[in-house]
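Each chain is listed here by its residues.
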Amino acid sequence: MIKAILIFNNHGKPRLIRFYQYFAEDLQQQIIRETFHLVSKRDDNVCNFLEGGSLIGGSDYKLIYRHYATLYFVFCVDSSESELGILDLIQVNIIQTHVFVETLDKCFENVCELDLIFHMDKVHYILQEVVMGGMVLETNMNEIVGQVELQNRMEKSEGGLSAAPARAVSAVKNMNLPEIPRNINIGDINIKVPSLSPF
Amino acid sequence: MPAVSKGDGMRGLAVFISDIRNCKSKEAEIKRINKELANIRSKFKGDKALDGYSKKKYVCKLLFIFLLGHDIDFGHMEAVNLLSSNKYTEKQIGYLFISVLVNSNSELIRLINNAIKNDLSSRNPTFMCLALHCIANVGSREMAEAFAGEIPRILVAGDTMDSVKQSAALCLLRLYKTSPDLVLMGEWTSRVVHLLNDQHMGVVTAAISLITCLSQKNPDEFKTCVSLAVSRLSRIVSSASTDLQDYTYYFVPAPWLSCKLLRLLQCYPPPEDGAVKGRLVECLETILNKAQEPPKSKKVQHSNAKNAILFEAIALIIHYDSEPNLLVRACNQLGQFLQHRETNLRYLALESMCTLASSEFSHEAVKTHIETVINALKTERDVSVRQRAADLLYAMCDRSNAKQIVAEMLSYLETADYSIREEMVLKVAILAEKYAVDYSWYVDTILNLIRIAGDYVSEEVWYRVIQIVINRDDVQGYAAKTVFEALQAPACHENMVKVGGYILGEFGNLIAGDPRSSPLVQFNLLHSKFHLCSVPTRALLLSAYIKFINLFPETKSTIQEVLRCDSQIRNSDVELQQRAVEYLKLSSIASTDVLATVLEEMPPFPERESSILAKLKKKKGPGAVSAGELEEGKREGGEVNGWEVNQQKSEPSQENASSLTTSPSPTPTAMHLSLTSFFFPSSLSQSTPSPSADLLGLRSAAPVSAAPVSAGSLLVDVFSEAGPAASTAGVNDDGFLRFVCKNNGVLFENQLLQIGIKSEYRQNLGRMYLFYGNKTSVQFVSFSTTLKPVDPLVEGGAQVQQVINIECLSDFSDAPLLNIKFRYGGALQNLSLKLPVTINKFFQPTEMSSHDFFQRWKQLSQPQQEAQKIFKANHPMDTEVLKAKLLGLGTALLDNVDPNPENFVCAGVIQTKAQQIGCLLRLEPNAQAQMYRLTLRSSKDTVAKRLCELLSEQF
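Residues numbered from 1 in each chain as written. Chains lettered and ligands numbered in written order. Predicted model: local features only at pLDDT ≥ 70, side-chain atom pairs only at ≥ 80, totals over all residues. Heavy atoms only, no water.

## Topic: the nonpolar core
All names here are of chain B. Counted only if it meets this: Put simply, a nonpolar core is a bunch of buried Ala, Val, Leu, Ile, Met, Phe, Trp, Tyr and Cys residues held in one set by side-chain atoms that sit within 4.5 Å of each other. Summary of the burial criterion: residues with accessible area below 20% of their type's maximum are buried, those above 50% are exposed, and those between are partly exposed, where the area comes from a 1.4 Å probe applied to protein chains only. Per the convention used, a helix needs a DSSP run of H or I reaching at least four residues, while a strand needs a run of E reaching at least two, with both numbered from the N terminus.
Within the largest apolar cluster, 297 residues are counted, with the highest numbers of intra-cluster contacts made by I112, I116 and L196. Per element, the largest residue contribution to this core is eleven residues, and it comes from helix α16 (residues 300–320). One finds L737, L835, V837 and L921 within the second-largest nonpolar core, a separate group that totals 58 residues.

## Description of unusual backbone geometry
All names here are of chain B. Positive phi, normally seen in glycine, also occurs at D321, with a value near 50°. Judged by its relative accessible area of 27%, D321 is partly exposed. Here the phi dihedral of Q930 falls at roughly 55°; this positive angle occurs in a residue that is not glycine. Following the sequence through the fold, Q930 ends up in the loop between β14 (916–926) and β15 (931–938). Taking the relative accessible area as the measure of exposure, Q930 reaches 31% and is therefore partly exposed.

## Some thoughts on empty space enclosed by the protein
Here is the rule we go by: The pocket and cavity definitions rest on a 1 Å grid over protein atoms only: a 1.4 Å probe that fits but cannot leave marks a cavity, an open set with protein on both sides within 12 Å along at least five of seven lines marks a pocket, and residues lining either have an atom within 4 Å of a point. Grid points are joined across faces, edges and corners, and a volume is the space filled by probe spheres set on the points. Under the grouping applied here, Gly and all other residues not named as nonpolar or charged are polar, the nonpolar ones being Ala, Val, Leu, Ile, Met, Phe, Trp, Tyr, Cys and Pro and the charged ones Asp, Glu, Lys and Arg.
By the definition in use, this model includes nine cavities of 30 Å³ or more. The computed volume of the largest cavity comes to approximately 250 Å³. Around the largest cavity sit 20 residues that line it, and F19 and Y22 of chain A together with S99, V100 and V102 of chain B are the ones nearest its centre. Of the residues belonging to the lining of the largest cavity, the class tally is ten nonpolar, six polar and four charged. For the second largest cavity, the calculated volume is near 210 Å³. As for the second largest cavity, its lining consists of 18 residues, and the residues nearest its centre are E129 and Q147 of chain A together with C129, H133 and S163 of chain B. When residues of the lining of the second largest cavity are traced back to their parent elements, those giving at least two are α4 (120–130) and α5 (141–173) of chain A together with α7 (125–138) and α10 (162–178) of chain B.

## Concerning the pattern of salt bridges
Pairing between side chains becomes possible if they bear opposite charge and their charged atoms approach one another. For clarity, the cut-off: By salt bridge we mean one thing: a side-chain nitrogen of Lys or Arg within 4 Å of a carboxyl oxygen of Asp or Glu.
With the rule as written, the count across this model stands at 43 salt bridges over all chains. For E81 of chain A, the salt bridge goes to K260 of chain B, with nearest N and O atoms at 3.4 Å. Taken together, the positions of E81 of chain A in the loop between β5 (71–77) and α2 (83–104) and K260 of chain B in helix α14 (residues 255–265) put the pair across two chains. E81 of chain A sits in the buried class, given a relative accessible area of 3%. We classify K260 of chain B as buried; its relative accessible area is 9%. The closest approach of N and O atoms between R579 of chain B and E575 of chain B, which form a salt bridge, is 2.8 Å.

## What about helix α41 (residues 879–889) of chain B?
Residues and elements named next belong to chain B. Basically, it comes down to this: Under the rule applied, a polar contact is a pair of N or O atoms within 3.5 Å (in protein, one hydrogen donor and one hydrogen acceptor; residues adjacent in sequence only if both atoms are side-chain atoms).
Along α41, the positions that sit buried rather than exposed are T879, E880, L882, K883, L886 and L889. Here α41 starts with a cap whose side-chain oxygen sits 2.9 Å from the backbone nitrogen of E880, and that cap is D878. Phi turns positive, to about 110°, at G890, one or two residues after α41.

## A look at the confidence of the model for chain A
Residues and elements named next belong to chain A. Spelled out, the test is: One confidence number per residue, pLDDT, is output by the predictor and ranges from 0 to 100. Only heavy atoms enter the contact rule, under which two residues are in contact if any of them lie within 4.5 Å.
Considering every residue of chain A, the mean pLDDT works out to 73; 66% of them sit at 70 or more. The secondary-structure element of chain A with the lowest mean pLDDT is α5, recorded at 65, while strand β1 (residues 2–9) shows the highest, at 90. Segment residues 103–109: pLDDT under 50, and twelve contacts once partners within four positions in sequence are set aside and those in other chains are kept. Confidence drops under pLDDT 50 across residues 161–199; counting only partners more than four residues distant or on other chains, this segment forms 35 contacts.

## Things to note about the state of the cysteines
As used in these notes, a disulfide is a covalent bond between sulfur atoms, one from each of two cysteines. Rules: Any two cysteine sulfur atoms within 2.5 Å of one another count as a disulfide.
Following the criterion strictly, the structure yields zero disulfides over all chains and no others. Between C533 of chain B, a cysteine without a disulfide, and C492 of chain B, which holds the nearest cysteine sulfur, the sulfur-to-sulfur distance is 8.7 Å.

## Observations regarding the sheet that holds strand β3 (residues 49–51) of chain A
Residue and element names in this part refer to chain A. Condition: DSSP bridges decide pairing: two strands pair if at least two such bridges lie between them. Here, axes are lines fitted to C-alpha atoms. For helices the fit covers the stretch in contact, and angles between N-to-C directions go from 0 to 180 degrees.
Spatial ordering of the open sheet is given by β2-β1-β5-β4-β3, a layout of five strands whose pairing is antiparallel. Looking at the sheet topology across the chains shown, the edges are occupied by β2 (14–19) and β3. Each adjacent strand pair in this sheet contributes to an overall mean axis angle of 20°, direction not counted. Pairing geometry for β1 and β2, over five bridges, is antiparallel. Pairing of L6 across the sheet is with I17, part of β2.

## Here's the deal with the sheet that holds strand β5 (residues 765–774) of chain B
Residue and element names in this part refer to chain B. Here we have four strands laid out as an open sheet, ordered β3-β4-β5-β7, and antiparallel in their pairing. Edge positions in the sheet fall to β3 (745–749) and β7 (799–807), since each of these pairs with one other strand and no more. Adjacent strand axes in the sheet meet at a mean angle of 25°, parallel and antiparallel pairs treated alike. Sheet topology note: the β3/strand β4 (residues 753–762) ladder contains four bridges and is antiparallel. Bridge pairing links F748 to I755 in β4.

## Considerations on the interface of chain A and chain B
This is how it is decided: Here the buried area means the combined drop in accessible surface, using a 1.4 Å probe, for two parts upon being joined, counting both sides.
Across the contact, 79 residues belong to chain A and 90 residues belong to chain B. Area buried by chain A at its contact with chain B is led by Y22, F118 and M132 of chain A, which between them contribute 10% of it. Inspection of the region where chain A meets chain B yields six salt bridges. The closest approach of N and O atoms between R42 of chain A and D382 of chain B, which form a salt bridge, is 2.8 Å.

## Describing the environment of L882 of chain B
All names here are of chain B. For L882, the location among the structural elements is in helix α41. A relative accessible area of 5% means that L882 is categorised as buried. C-alpha of L882 to C-alpha of F955: the two residues are 73 residues apart in sequence and 7.3 Å apart in space. Contacts of L882, omitting those with residues within four sequence positions, involve F904, L923, Y932 and F955.

## A closer look at the side chain of H200 of chain B
For H200 of chain B, the position within the fold is in the loop between α11 (189–193) and α12 (201–217). Given the relative accessible area of 17%, H200 of chain B is considered buried. Residues within four places of H200 of chain B in sequence aside, it is in contact with E138 and E143 of chain A together with D162, Q166 and Y247 of chain B.

Given below as structure tokens:
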């Protein structure tokens, strides 16, 4: 079982935390700190597995992590998971999917810390398509991307009408700021019923 | 602000995040966050109804603040409101907030459950998935109660979409893990197993996690999954890399699913059906063959995926441990990986080889890699890998290579990472003891160990060296000489002083002939360390001094002088002062004869499982070591090379004691204890076995005293009687206490015998099945137990069963005793155990409302009706585990009673024939301090007290 997924940057600032076993908030923060402490002092070309800290599960507990650019992706798992399998999971499903989805949106070229920060909810949704309640739900990238795209379509179709007034308000409020949201299309009342066929 | 302008609309959120990022200091950040929290709070409280978009935005901000490590104590209600929105995005963020922030005790669960119910019945697959995700992530008991019936139906229904099926499978798994009693698979079993045949690989991926977990708990019911898993695996393994399309990952077909299938098979023994087994062996061979083929891609992902399957296949081969051919192939494959340039592969190879080393078929093959492994220990740059190498060396050690391995580990210890030193020390100590042919080597090794890594040498290690020296008279002189030399070093570790004090006190006379180590020299050497030591060590040294007076009368005046000086006789520490006073008096009034009797050499310690081994097991957790250690037990029994076995052969008088495996904890302070308990029975009564404890123990100790006791002196008699008596209670409690919250399991196990127990209780009646398994290959004769007559012959490897019926007449505290006698290889074995029957077994759970609970709680307010204990957590404080234990206790776990959701409240009625006894329980965990407070109230004071005692050992 995956007990937790933690993403933090080189300074230990958490960028995504997801616990699949209940821990009180302060313990969660302790676990993050402990994990960062364990992982960050390791060189980049050593192995990607290490015995976990004391806080989550004692001996039956491993950290499997990857370090990309400024980010650490850490999976805290028990002994029922395949180490190399999880490593691939981090590689493909978390990072590539993210890159893929976001390139579709033509927003970003590469996964970077800022994407995680400003699209925290999105990252959570992508993750939900991969891991559920600590177990792996799906490993097929196309399937995952399909689900995420479907979500995006639904979001777009809803976004038009409901978000518009609020955006207008915030635009007025933020007049002094240089950037104003561009696509205020109040006229678009064409709310699509979510199409179910792609399933 | 690079990403803001192209964001998806929540501008306020982006601005807030940018603000936080621009904060120059922690204080500024906190200030900004507090400002935002106040803003959101006023928005939520305000009169104006917020639209969905604003709620979504604020909830997002709260999530971000939570991520930064700040507690969020509001907003839950708004998130719940979002759930009932019919806009997908609002619903989605609502569910996300709840999954991340709502714990299972929350009062909101009922509202959330309502929203989930609506979404589950909406027939909209996206909404259904969101709802299932939420259940799987929160997984509380209320949710299990509400949905455990519904979800299996969704899972197996013919018209459910694949994506929903996947979510339903994992959701059910989560509920099964948290509330196994509520998820009743019965009628669904076969349909769930057949999900392994589903056309959609995603469904199989999700379902297999569920099936694996269910199989581990109910192997028999899910047995049919073996053949289905084998055929699925075989289809994947033999498919071309293009067959499975999307599920082919860098030319490897469905690697994740293959791993999971191989894991599932590890829950079962090798298939009995020849055809299925043949097919499986073929798969395993194919996987091993593929490892030898040239890679289809140079990418690391390709090799990772391929090797993930390979390692799982090897794990399965090791699990079966029945195909010598495959085992040796697996070993060769791992041997190749040991030198691979990928660190990950070296790590995993070392890890798997560790388990492989314990198989008799491949033990020799593993040993051929010793040089590579030693090299890894010396040269690996990564501490995780070095740790694995040390583990493997430990696992592959046997008589032939023990000296080499111990020497390598010792030399590594000098530079080892601090994090693994203690474990290394334990391992060296165990290996040195287990494979010692000549005990001077053993003594050298342990003293070296203390010299090199004294700080990491735990009590158990130095207790053990003393036990062994006391029991082996051929090594005593050598030990005294070596320890005397070691103490000459100017800076000497305190543990060395302890060992030195003890050994010289017992055996200093063996080296006193040499003028360089004359009695006075020995004494001065010890005393020169005295002032640098801690109180316990000083206390031990004082005992050594009094022993010196007996060994060497010529030192008497010097030592009396030391004892008499103010810093001893008026020491502010009570223990030291008392020892100084008592010893001084003893040395001046007792005649030489009395002195010689009181201070006689310590009797040999009864043989028992090495305390260090127990410590290592504890450190590593039961799962981590068991495979290896079990094997050690096997080998030891077979080859008769172990120290225990030698001991049994050469000293028959020890056998009774050793079969008891319930010996006194042989701490060197027992030296002090034995003589003070004899001479000053009242003065140290708190640390000596009290007379009442003796009485209690006599029953179980009776067979021991009936056996011939070799040593005849009064002191030894006192000691040997008090020893096992105190310990039967002590050691057996261990097995006994494990059964307080469960009914089935292994009660006792040593190298000869295993006793398993299955029991069930209804009201004041119970039935218990006892299984006695002969672990040896030799038959036990004259086998008898105090419970019921049984067949006196138990063949090697056979199991005997006994059924007893239990009736609870009135409340009780002491458990019934079970006495077992049998002859193994001519020697009489005798064993006393407490039967795990405790008062809580007769609990009937009682559900009640918060109001009723507190009313009854108040009614039981007399001081004697309450028992309370505050104690430290012995296990990780996992809510789910705690719940399971409390349910296992037999009471009803009451929700929404205690105002603090962290606390647990239980109620139940104990049914005895004479009366019914109501009990209320409250457990308050304090995660920060890692402490619990346990309060019990019962209509009967003895029951509250007993339950409190029993339970305080459980968490």
